[in-house]
Amino acid sequence: MTTRRDFLKNLAIASLATTGLGAVSDLRRIAAAATLQKAEFSDYRALVCLFMYGGNDANNMVIPTSATEFAQYQGPRGVLALPRASVLPITITNTPGREFALHPAMPHLAQVVNTGRAAIVANVGPLLAPTTRAQWQNRSVPLPMNLFSHSDQQGQWQSAISDEAPRSGWGGRIGDLLKDANGTNTSSTLISVAGNNLWENGNTITSYKVSANTGFGISYYTGAAATDPLSRAVNEMLGRPYANVFERTWVDIISRSIQNQAAMQAALAGASITTVFPDSGLGDSLQLVARLIAARGALGVKRQTFFVSIGGFDTHGDEQLGRQNELLGEVSAAVRAFYDATIEMGIPQGVTLFTASDFNRNFPTNGKGSDHAWGSHHFVVGGSVYGGAMYGTFPTLAVNGPDDAGQGRWIPTTSVDEFGATLARWFGVAEPDLHTVFPKLSRFARPNLGFLAV
């Protein structure tokens, strides 16, 4: 009999002549995942990706406040420079002689940083190899495709693949490896509260989509015994015999969706939290994630990823300061409420939230706003985070300085691979398997940035 491993190997070879390089690469990753042993865990862990679509201006989110560095910040920023008196000082314990602050709209997140449960990872971005300014100028190292493009850098952040068109995301590949920890409940391994996303697109499983406002599943279907016309029509359709393989597959998918819907609704019915979340889109999304985590026992799951998002960061003009003030305020309040909910549930050490975005925006103003850039700063929040600290290397705030790719676009000093591998290791991915999730990880010197207690 043909084993699964042989089948996958032969399929990859047979596909070589008819598929692009990206598809073949993903098939190889499937084959690698098929050889891994079943993961078993006694604890529960959740990894939450908060994606800020449009390119958040992190230059105004994390600000150096020592006299010399604040002057470097203030000059080129022009109309975008925030007054020193308005920013929120934070305690960063591992940057002696340097002081930092957060955007004035982020008091809730500043409190979590100052209590040691949120960390900043500085100047992160897609890379194919460690890159200096000289190497960038000489093109002497491989570089990510189509830099400074929204769609490309969103895909590179979510996939950790920057040299070909990605077909899977690193969250999804983690799900491929660890889905067996959830037994037969694999539909609850990857859950998106923001629709389709590449990050949770695995090679063997994909995300289950839910909505913070309208529920999930087939909303008009009320059960096999229902007498309303729509439910009766669905039941009749599902009960027919189908000779065509595509029709049978479609019916199987709809049937599984209905089963998953029933299981999820039953689990959520007994899951309640009292933490008050802000009345916002992101607040609603993270509140649903918290309720789903509260339902972990009823669902019988040990490892889950969640994807939430907030958009509107693509600002180029005079609306940038006001828009970012609104959006970062929403992020700060919602993330703080979510962290408080994990404390209420008694599992802050089992839940880690991290931020991601297309890219930073360039450092000098374009006269009114700022434009597409590269390396950016991000937060990691949770009870297992070694917080009140900064990881990675904060860039030198100088146009044409050592970290500038030109026009104040910081060359990342920490790769998405290093950032993601640190999260994946905490989540339970074994050391040898990290290279299945992050194919370029061996090119970088820091596969563990150290911001999480494993």
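For the structure, check the block above.
Residues numbered from 1 in each chain as written. Predicted model: local features only at pLDDT ≥ 70, side-chain atom pairs only at ≥ 80, totals over all residues. Heavy atoms only, no water.

**Student:** How do you make sense of the layout of surface pockets when you look at a structure like this?
**Tutor:** Empty space among the atoms can be located by rolling a probe the size of a water molecule over them. Its volume calculated, the largest pocket comes out at about 230 Å³. Take the lining of the largest pocket: its biggest share by element is five residues, from helix α9 (residues 245–269). Looking at the lining of the largest pocket, its residues break down into two nonpolar, four polar and one charged. (1 Å grid on protein atoms, 1.4 Å probe; cavity = no way out; pocket = protein on both sides within 12 Å on 5 of 7 lines; lining within 4 Å. Points joined across faces, edges and corners; volume = space filled by probe spheres on them. Helix = DSSP H or I, 4+ residues; strand = E, 2+ residues; numbered from the N terminus. Nonpolar A, V, L, I, M, F, W, Y, C, P; charged D, E, K, R; others polar.)

**Student:** Would you mind showing me how to read the pattern of salt bridges here?
**Tutor:** For side chains bearing opposite charge, pairing can occur when the charged atoms are close. Summed over all chains, the structure comprises 11 salt bridges. Of the charged contacts in the structure, one is a salt bridge between R303 and D43, with a shortest N-O distance of 3.0 Å. Of this pair, R303 sits in strand β9 (residues 303–310) while D43 sits in the loop between α2 (21–34) and β1 (45–52), placing them 260 residues apart in sequence. Here E69 ties to R98 by a salt bridge, and the two come within 2.5 Å at their closest N and O atoms. Pair noted here: E69 is in helix α3 (residues 67–77) and R98 is in the loop between β3 (88–90) and β4 (100–102), with a separation of 29 residues, a long-range link. Taking the relative accessible area as the measure of exposure, R98 reaches 30% and is therefore partly exposed. Taken together, the shared-partner salt bridges in this structure form one network comprising D43, R45 and R303. (Salt bridge = Lys/Arg side-chain N within 4 Å of Asp/Glu carboxyl O. Buried < 20%, exposed > 50% of the residue type's maximum accessible area, 1.4 Å probe, protein only.)

**Student:** It is not clear to me how the environment of N400 should be interpreted in this structure. Could you clarify?
**Tutor:** Examined against the element boundaries, N400 turns out to sit in the loop between β12 (390–392) and β13 (414–415). Given the relative accessible area of 53%, N400 is considered exposed. Between the C-alpha atom of N400 and that of R248, which follows or precedes it by 152 residues, the distance is 61 Å.

**Student:** Looking at this structure, how should I read the sheet that holds β3?
**Tutor:** In sheet architecture, strand pairing relies on hydrogen bonds along the backbone and comes in two forms, parallel and antiparallel. Judged by pairing direction, the sheet is antiparallel, and its three strands sit side by side in the order β2-β4-β3 without closing on themselves. Looking at the sheet topology across the chains shown, the edges are occupied by β2 (62–64) and β3. Neighbour-to-neighbour, the strand axes of the sheet open up by a mean angle of 40 degrees, direction not taken into account. Summarising the sheet, β3 and β4 pair through three bridges and their orientation is antiparallel. For I90, the partnering residue across the bridge sits in β4 and is F100. Helix-sheet contacts for helix α4 (residues 107–114) involve β3 and β4, and the interaxial angle to β3 is about 15 degrees. (Pairing = 2+ DSSP bridges. Axes fitted to C-alpha atoms, helices over the stretch in contact; angles between N-to-C directions. Contact = heavy atoms within 4.5 Å.)

Any functional reading would require information beyond the geometric quantities listed.
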